[in-house]
Amino acid sequence: MDTHMDISILASATGPTDKSLRVTRNKLYPKQAWYCIGLFIFIIAIFQWISFFHSKFARRRQTPNEDDTEHASVHRRHGFSWRRIPLGLANAYRVIAFRWTLEFGKSYTLNMAEVFVTMAYIVFLFVWAFVNTTDLEGQALNIRYWCNRSGILASSQFPLITALGTKNNIVSLITGISYDKLNYVHRMMSRVVFTLLWVHTGGEVIQNAPFQPYEPWLICGITAMVALTILCVVSLRPIRAQAYELFFYVHFTMVLTFLVCAYFHTQNDTITYWIYPCFIIWGLDRLIRAIGLAVFNHSYFRFKSGSTMDATAELLADDFVRLRFHRPSHFHWTPGQTAYLIMPSVSCLPFEAHPFTIASFDSSLFNVLEEPKPQSEKYAQISPAERDLGSSAPFWKELVFFINVRQGFTARLKEAASKGDKVKVLVDGPYGPSPDLGSYDTSVLIAGGSGVSYTLPTLLHIIEGVRDGKSSCGRVVFVWSIRNADHIHWIDKVLIRALRLAPPSLSISIHIHITGEPATIETLPFSYGPNNDAQPVRDGSRSDIAEFQDGKESILAIESVKLANGRPNLPAMLRDEVEMATGRMSVSVCGSHGIARSVRGALRFPVSSPLSIANGGPSVTLHIESFGYA
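Computed from a predicted structure; not experimentally measured.

### Thoughts on the overall build of the protein
And then number 1: Scanning the protein from terminus to terminus reveals 21 helices and 17 strands.
And then number 2: In the protein, which comprises 630 residues, the proportion classed as buried is 49%.
And then number 3: Nonlocal contacts in the protein, meaning residues at least 24 apart in sequence, comprise 77% of its contacts between residues at least 6 apart.
And then number 4: Element-wise, carbon and sulfur atoms account for 61% of the exposed surface of the protein, whose accessible area totals about 30800 Å².

### Concerning unusual backbone geometry
And then number 1: Here the residue pair Gly-429 and Pro-430 is connected by a cis peptide bond, since its omega of 0° sits within 30 degrees of zero.
And then number 2: Its location among the elements puts Pro-430 in strand 9 (residues 426-431).
And then number 3: Despite not being glycine, Asn-132 shows a phi value in the positive range, around 55°.
And then number 4: One can find Asn-132 in the loop between helix 5 (112-130) and helix 6 (143-155).

### Quick notes on the layout of surface pockets
And then number 1: Of the pockets and cavities examined, the second largest pocket occupies roughly 1100 Å³.
And then number 2: Lining the second largest pocket we find 37 residues, and of these Asn-148, His-200, Glu-204, His-265 and Asp-269 sit closest to its centre.
And then number 3: Per-class residue counts for the lining of the second largest pocket are 17 nonpolar, 14 polar and 6 charged.

### Considerations on the sheet that holds strand 3 (residues 310-317)
And then number 1: Taken together, 4 strands build an open sheet; the order of strands is 7-4-3-8 and the sheet is antiparallel. With one partner strand each, in any of the chains shown, strand 7 (398-404) and strand 8 (422-424) form the two edges of the open sheet. Pairwise comparison of adjacent strand axes, ignoring direction, gives a mean angle of 30° for this sheet.
And then number 2: Strand direction decides the pairing type here: strand 3 and strand 4 (residues 320-326), joined by 5 bridges, are antiparallel.

### Re the sheet that holds strand 5 (residues 338-342)
Two modes of strand pairing occur in sheets, parallel and antiparallel, and in both the strands are linked by backbone hydrogen bonds.
And then number 1: Reading across the sheet, the 3 strands line up as 6-5-9 and stay open at both edges, with antiparallel pairing between neighbours. The open sheet terminates on both sides in strands that have one partner only, identified here as strand 6 (353-357) and strand 9. The average angle at which neighbouring strand axes cross in this sheet is 25°, direction not considered.
And then number 2: Sheet analysis places strand 5 next to strand 9, joined by 4 bridges and oriented antiparallel. Directly across from Thr-338, in strand 9, lies its bridge partner Tyr-431.

### Concerning the packing of helix 6 against helix 9 (residues 179-208)
And then number 1: It is at 8 Å that the axes of helix 6 and helix 9 come closest, and there the two elements cross at 145°. You can see that helix 6 and helix 9 cross each other, and the crossing is left-handed. Counted together, Ile-143, Arg-144, Trp-146, Cys-147, Asn-148, Ser-150, Gly-151, Leu-153 and Ala-154 of helix 6 and Val-193, Leu-196, Leu-197, Val-199, His-200, Gly-203, Glu-204, Ile-206 and Gln-207 of helix 9 form the full contact between these two elements.
And then number 2: A breakdown of the residues in the contact of helix 6 with helix 9 according to their chemical character gives 10 nonpolar, 6 polar and 2 charged.

### Some thoughts on the side chain of Asp-135
And then number 1: Mapped onto the elements of the fold, Asp-135 is located in the loop between helix 5 and helix 6.
And then number 2: Of the polar contacts made by the side chain of Asp-135, one reaches the backbone nitrogen of Gln-139; its length is 2.8 Å.
And then number 3: Leaving out residues up to four positions away in the same chain, Asp-135 has contacts with Asp-18, Asn-142 and Tyr-145.

### Section: helix 18 (residues 492-501)
And then number 1: The buried fraction of helix 18 is high, at 10 of 10 residues.
And then number 2: Those residues of helix 18 not exposed but buried are Asp-492, Lys-493, Val-494, Leu-495, Ile-496, Arg-497, Ala-498, Leu-499, Arg-500 and Leu-501.

### Observations regarding helix 17 (residues 452-467)
Because the α-helix completes a turn every 3.6 residues, residues three or four places apart line up on one side.
And then number 1: If you check helix 17, its first and last C-alpha atoms are 22 Å apart, about what 16 residues at 1.5 Å a residue would give, namely 22 Å.
And then number 2: For helix 17, a buried count of 14 out of 16 residues is recorded, marking the element as mostly surrounded by other parts of the structure.
And then number 3: Gly-469 sits one or two positions beyond helix 17 and adopts a positive phi of about 75°.

### Remarks on the side chain of Gln-157
And then number 1: Along the chain, the position of Gln-157 falls in the loop between helix 6 and helix 7 (158-164).
And then number 2: On the basis of relative accessibility, which here comes to 0%, the residue Gln-157 falls in the buried class.
And then number 3: Residues contacting Gln-157, with those up to four places away along its chain left out, are Trp-34, Ile-37, Tyr-121, Leu-125, Met-189 and Val-193.

### Some words on the confidence of the model for the protein
And then number 1: A residue-level look at the protein finds 80% of positions with pLDDT of 70 or above and a mean pLDDT of 80.
And then number 2: Throughout residues 64-75 the model reports pLDDT below 50, and contacts reaching past four residues in sequence, or to other chains, amount to 10 contacts.
And then number 3: Low pLDDT (under 50) marks residues 525-551, which in the prediction has 70 contacts with non-local residues, meaning those over four places away or in another chain.

### A look at the packing of aromatic side chains
And then number 1: Throughout the structure, instances matching the rule amount to 22 aromatic pairs.
And then number 2: Here the aromatic rings of Tyr-93 and Phe-98 are separated by 6.0 Å at their centres, their planes lie at 80°, and the arrangement is edge-to-face.
And then number 3: The exposure class assigned to Tyr-93 is exposed, which follows from its relative accessible area of 51%.
And then number 4: Centroid distance Phe-325 to Phe-401: 6.1 Å. Interplanar angle 25°. Geometry classified as stacked. With Phe-325 in strand 4 and Phe-401 in strand 7, this pair connects stretches of sequence that are 76 residues apart.

### Quick word on the state of the cysteines
And then number 1: All told, the structure shown has 0 disulfides when counted by the stated rule.
And then number 2: No disulfide involves Cys-220; its nearest neighbouring cysteine sulfur is the one of Cys-261, lying 5.1 Å away.
And then number 3: A relative accessible area of 17% places Cys-220 in the buried class.

### A word on the nonpolar core
And then number 1: Formed by 45 residues in total, the largest nonpolar core has its most connected members in Tyr-121, Leu-125, Val-193, Leu-197 and Phe-258.
And then number 2: The set of elements that each furnish at least two residues to this core consists of helix 2 (18-62), strand 2 (108-111), helix 5, helix 6, helix 7, helix 9, helix 10 (216-234) and helix 12 (244-265).
And then number 3: Among the elements that line this core, the one with the most residues is helix 9, at 9 residues.
And then number 4: Counting residues in each nonpolar core, the second largest holds 42 residues, with Phe-402, Leu-445, Val-476 and Leu-556 among its members.

### Some details on the environment of Tyr-184
And then number 1: Summarising the element assignment, Tyr-184 is placed in helix 9.
And then number 2: Distance from Tyr-184 to Leu-164, taken between C-alpha atoms, is 9.1 Å for residues 20 residues apart in sequence.
And then number 3: In this structure Tyr-184 touches Tyr-108, Leu-110, Glu-114 and Thr-118, once residues within four positions along its chain are discounted.

Definitions and limits used
- Residues numbered from 1 in each chain as written.
- Predicted model: local features only at pLDDT ≥ 70, side-chain atom pairs only at ≥ 80, totals over all residues.
- Heavy atoms only, no water.
- Helix = DSSP H or I, 4+ residues; strand = E, 2+ residues; numbered from the N terminus.
- Buried < 20%, exposed > 50% of the residue type's maximum accessible area, 1.4 Å probe, protein only.
- Contact = heavy atoms within 4.5 Å.
- Areas by Shrake-Rupley, 256 points an atom, 1.4 Å probe, with all protein chains shown as cover.
- 1 Å grid on protein atoms, 1.4 Å probe; cavity = no way out; pocket = protein on both sides within 12 Å on 5 of 7 lines; lining within 4 Å.
- Points joined across faces, edges and corners; volume = space filled by probe spheres on them.
- Nonpolar A, V, L, I, M, F, W, Y, C, P; charged D, E, K, R; others polar.
- Pairing = 2+ DSSP bridges.
- Axes fitted to C-alpha atoms, helices over the stretch in contact; angles between N-to-C directions.
- Left-handed = near helix turned anticlockwise from the far one by under 90°.
- Polar contact = N/O pair within 3.5 Å; in protein donor to acceptor, adjacent residues only side chain to side chain.
- Expected span 1.5 Å × (residues − 1).
- pLDDT = per-residue confidence, 0-100.
- Phe/Tyr/Trp six-rings, centres within 6.5 Å; stacked < 30°, edge-to-face > 60°.
- Disulfide = S-S within 2.5 Å.
- Core = buried A, V, L, I, M, F, W, Y, C linked by side-chain atoms within 4.5 Å.

And the structure:
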C-alpha cells in the first residue's frame, strides 16, 4: 500500500497523469467549441448586417424623384463594367450557396450552405471528441479519453440547440435570420449530438458492462437516451409530415424527459451547468409568448369586456379554409410574417399552437378609397357600392389566414367551417422578418395555392412603398398557380383595388395559372355579379381597369391580368424578366417544393451569372418560403 502511494505521489510530482489530462481536456474542449461557434455566429451576423445596411443605402440612392418617374421606369443596360465584378462575385456566391442543391426524393432539398454547415459541424464536433486521445503509454484512441468527453461535448451543445428551437432566441436577434430558417440548424445539431451521445453510450457499455447494480445515474442516462431516440425517430420528415400532431406531443414530452434525466445523470460529474440553462431558455421564451398572448388577447383574460377575437371560418374549397377576425388595434405585422393560432375548441390541447402566414395587410393604404373624389362625368357613372371597401375589406381591416386542409387540426377546423361555427382564437406573434424589397428595381412574386398569403401582402406593401416614395421598384410580376378557377375569388377584389392605387411609374403584370380543370375567360369574366350585360366604364386613375355599372368588377377584364391553363413555365418567365431587368431584382416564392425547386434551377448559371451582371444585368436575390414541415 505504501509502495502504491509512493508511485502516485511520484507520478503527480513528475508530470500530468492520464486522469488529470482527461479531466482538464473534458472541461477545456467544450469551452473551446463554444468559442468557435460564437465566432461563427458573429461572422454571420456581420455579413447579415452589412447586407441590411447596404439595402438601406441602395434604396436611398435609387429611389426616384417624383418628377423623374418616367426615367426611372425605363430599363437601360450599359456595357461591360469592371466595377460590377464584385457584385457579380457576390451573386455567384448566392447561386452556389443557396440555389445549388442536393435532392433527396421529391420533397426534401438541402442547399449547399446547409450542406456545408452540416458537414463542418459534424467534423468539428467529432474532431474535438477524438483529438488528443492517446494516453501517456502511447495507446491511441484510448476509450477513457473519448468516452466521457463525447458525452460532455454533446451536453455543451444543449443550450444552443434549445435556443434555436424557440421563437424568441438570441441567435435570430443577433443575425437577423428568422427562427424558422434556423430550425434546420436546430434539427441538424440535435441529430449530430444524438450520434455523439450514442458514441458516449457505446463507450460506457464497453467499459462497464454488465452494469451491477443499476445506480440512479445509470437509470437516468438510459432513460434519457431512450427518450432522445424516440424523439429523433418521430422527428423524421415523413413522420412529421404525415402526423404532425403526434410529433408535436412527443416532442414536448420527450424533450422534457430527456433534459430532466440528463440533469440527474450529470450531477456526479458536476457538469449540470450545461443542462439547467436549457430550462431557463425555454422558460424565458414561454414567458415572452405568454405576455404576448395576454396583451393581444386581453378580452379573453378579462382585461376588457367583449369577445372581439372570435373568428369566422369559411370553407373556400374542399381543401381550403379562410379564417378571419378583427385585429386588435395594437397588433401590427409586416408582410410575410406568421402568427401562431390557438383554438381551444378545435385543438386537442387547450394551448396547442399552429403557425400560419398572415394574408392580410397592416396598412392604411386602402383608406384613400374612402376619401372624397372629384366628381366627373366618368366617376358619376360608378355606383356608391363601387366607392366602399366591399368584400376586400378584410385584407386590411382584419387578420386573414388561408389554411390548407390536411389532417388533424386543419381537418377539425374544416369541420367547424362547414358548420358555420364561430371559433375562439388566441394569437401568438407575429414572428419572422419579412424581406425588405424597397431597394429592388424589379420584384417577382410567385405563389402556389395558399402561398398567396405571403405574396399578396408583399405586393400591397410594394405598391404602398412606391406611392410613398420609399421604394425604387419599377416593375412587379405576380404569378399565382391555383387548382380551380373559383380560387380567384379569394383575392380578386383586393387585386382590383391594388391596381387602381398603383402609381403610373410602377408596371404590374399578373399571371394566374389554373392547374386543375381547364378554364376559359369566356366562362369567368362576369361571374362576380348577377348582371351579365353590364358595360364597362373607366376610372381615369388607371386606364386599364374595367368597372361595371352594377358595382361589380372583374379581375379578368384588366389588361395586365393574364389567365392561363396549366402550370406556369417558371424558367422561361424568369429568364425573360432577367433579360429585361437592370439594377437589383428580387424573386420571392411561397409554394410547394416543386415550385421552389423550379425557381432555384431557373436562377442558376448562366441566367444569373457574374458575366451577366458585369454586362449590366440585374443582381438577383431569391427569397423562398416553402410549404411543408421544415
